[in-house]
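Residues per chain, in single letters:
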Amino acid sequence: MNDRIVERREFLRGLSATAAVLASGLPAVSALAGAISSPRRIDVHHHFVPPLFEQSAREHNLLNPVLNGLSIARSIDEMDRNGVASAVLSIPSPGAWYGNVELAQKIARDANDFAAKLVSDHERRFGMFATLTLPDLDSALAEVAYAFDQLKADGIHMWTNYGDFWLGDPRLSPLLEELDRRKAVVYAHPTTPNCCGHLVPEAPVPMIEYGTDTTRSIASLVLSGAASRYPDIRWIFCHAGGTMPFLVERFLFQADAQSRTPEGAKKIPNGVLYELKRLYFDTAQSANPYAMGPLTRLVSKTQICFGTDFPYRAVADNVKGLAECGLFSPRDLEQVERTNASRLLPRLA
């Protein structure tokens, strides 16, 4: 059936449902809020605070005040009030690395064991993106094996950079090879690189640098040839891909120049657009027409997953933003808010 006909029918069905609400005599806002809270959404960008992560971040004066008092009970309450059936847990910045391999191993193992227990204790409410010990490669590979083989993790959490190198760097090749072998889902969250913190004193680092570093990392992955060499990794990039959709013409220009050399042509044999369109992106801090507009023009809506960045942003902000941005039909919203993630993370389907 023609997609436009399907979408029109779904739109009319939605109008009929709204009319029924109004006819019922119930307060419209209250009734529609109840409809919104039907538990179907899968949140792929949901932070949690495991014990050793919290202790280490406090000791280094790096624990964001927003994380104070964060608990799983609070997560579940927020999920229940906003129709989130499942949330995939990942640790926030600063992560596990403080320059000490032994400490990183302890933080990562504590985080992964804690997440696995939450997954077990709250059936189908949570998934987990496992924490690694990068930039230490040997212990990171060991943690990948433990996370997948023992804990049955849903995927791996990586940062967009590791101080002075990004995801396409050859230092990560053994890890990417293993993740490719496992056909892993990898959730890539931005963090501040060594080069670029507090460049604008008035602007908090996440305001500009997180989106910029996401773009750097995508460029590293694609232009280095890593995206093509490891095609079975399913990457999810946060925040609608940062500034990448806006800069796509520059990506294409650089890739065109690169493809004119024999070495460059081998790195991106299918072209840069092919690689960009295979990536997945979440909606966290981007549930608005200004961010979603460029992204939906670049990639299929099958590549976009619901993400909230809880507790940094309220889940309701994301639900409302996606519903009101004017870019998604009811069918699209079902894909973005649930179907796409359930395809990537079948345990939560």
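Residues numbered from 1 in each chain as written. Predicted model: local features only at pLDDT ≥ 70, side-chain atom pairs only at ≥ 80, totals over all residues. Heavy atoms only, no water.

1. Describing the overall build of the protein
Link 1 in the chain: In terms of helices and strands, the protein carries 15 helices and 8 strands.
Link 2 in the chain: For the protein, buried positions account for 51% of its 349 residues.
Link 3 in the chain: When the accessible surface of the protein is totalled, it reaches about 16,200 Å², and 55% of it is carbon and sulfur. (Helix = DSSP H or I, 4+ residues; strand = E, 2+ residues; numbered from the N terminus. Buried < 20%, exposed > 50% of the residue type's maximum accessible area, 1.4 Å probe, protein only. Areas by Shrake-Rupley, 256 points an atom, 1.4 Å probe, with all protein chains shown as cover.)

2. Quick look at the sheet that holds strand E7 (residues 280–282)
In a beta sheet, neighbouring strands pair by backbone hydrogen bonds and run either parallel or antiparallel.
Link 1 in the chain: Read across the sheet, 8 strands follow the order E1-E2-E3-E4-E5-E6-E7-E8 without closing on themselves; strand pairing throughout is parallel. Sheet topology places strand E1 (41–47) and strand E8 (304–305) at the edges, where each strand pairs with a single neighbour.
Link 2 in the chain: Across 5 bridges, E1 lies against strand E2 (residues 84–90) in parallel orientation. Bridging across to E2, Ile 42 finds its partner in Ser 86. (Pairing = 2+ DSSP bridges.)

3. So, the layout of surface pockets
Link 1 in the chain: Considering only enclosed or pocket space, the largest pocket measures out at about 1,200 Å³ in volume.
Link 2 in the chain: Among the elements of the structure, strand E4 (155–159), helix H8 (205–223) and helix H13 (289–298) are those that each provide at least two residues to the lining of the largest pocket.
Link 3 in the chain: Here the lining of the largest pocket gets 5 residues from one element, more than from any other, and that element is H8.
Link 4 in the chain: A class-by-class count of the residues in the lining of the largest pocket yields 26 nonpolar, 18 polar and 1 charged. (1 Å grid on protein atoms, 1.4 Å probe; cavity = no way out; pocket = protein on both sides within 12 Å on 5 of 7 lines; lining within 4 Å. Points joined across faces, edges and corners; volume = space filled by probe spheres on them. Nonpolar A, V, L, I, M, F, W, Y, C, P; charged D, E, K, R; others polar.)

4. Observations concerning unusual backbone geometry
Link 1 in the chain: Going from Leu 134 to Pro 135, the amide bond is cis rather than trans, its omega being 15 degrees.
Link 2 in the chain: In this chain, Phe 310 is followed by Pro 311 through a cis amide linkage whose omega measures 10 degrees.
Link 3 in the chain: Looking at the element boundaries, Pro 311 is found in the loop between E8 and helix H14 (315–324).
Link 4 in the chain: Its identity as a non-glycine residue notwithstanding, Asn 61 has a phi of 55 degrees, on the positive side.

5. Digging into the nonpolar core
Link 1 in the chain: The biggest cluster of nonpolar side chains holds 83 residues, and the ones touching the most others in it are Met 158, Leu 179 and Trp 235.
Link 2 in the chain: Residue contributions to this core peak at 6 residues, all from helix H5 (residues 101–121).
Link 3 in the chain: Beyond its immediate chain neighbours, meaning those up to four positions away, Trp 235 contacts Met 158, Leu 167, Leu 176, Val 186, Leu 221, Leu 279 and Tyr 280.
Link 4 in the chain: One finds Val 88, Phe 129, Ile 236 and Leu 348 within the second-largest nonpolar core, a separate group that totals 14 residues. (Core = buried A, V, L, I, M, F, W, Y, C linked by side-chain atoms within 4.5 Å. Contact = heavy atoms within 4.5 Å.)

From the geometry alone we can't say anything about function, so treat these as descriptive.
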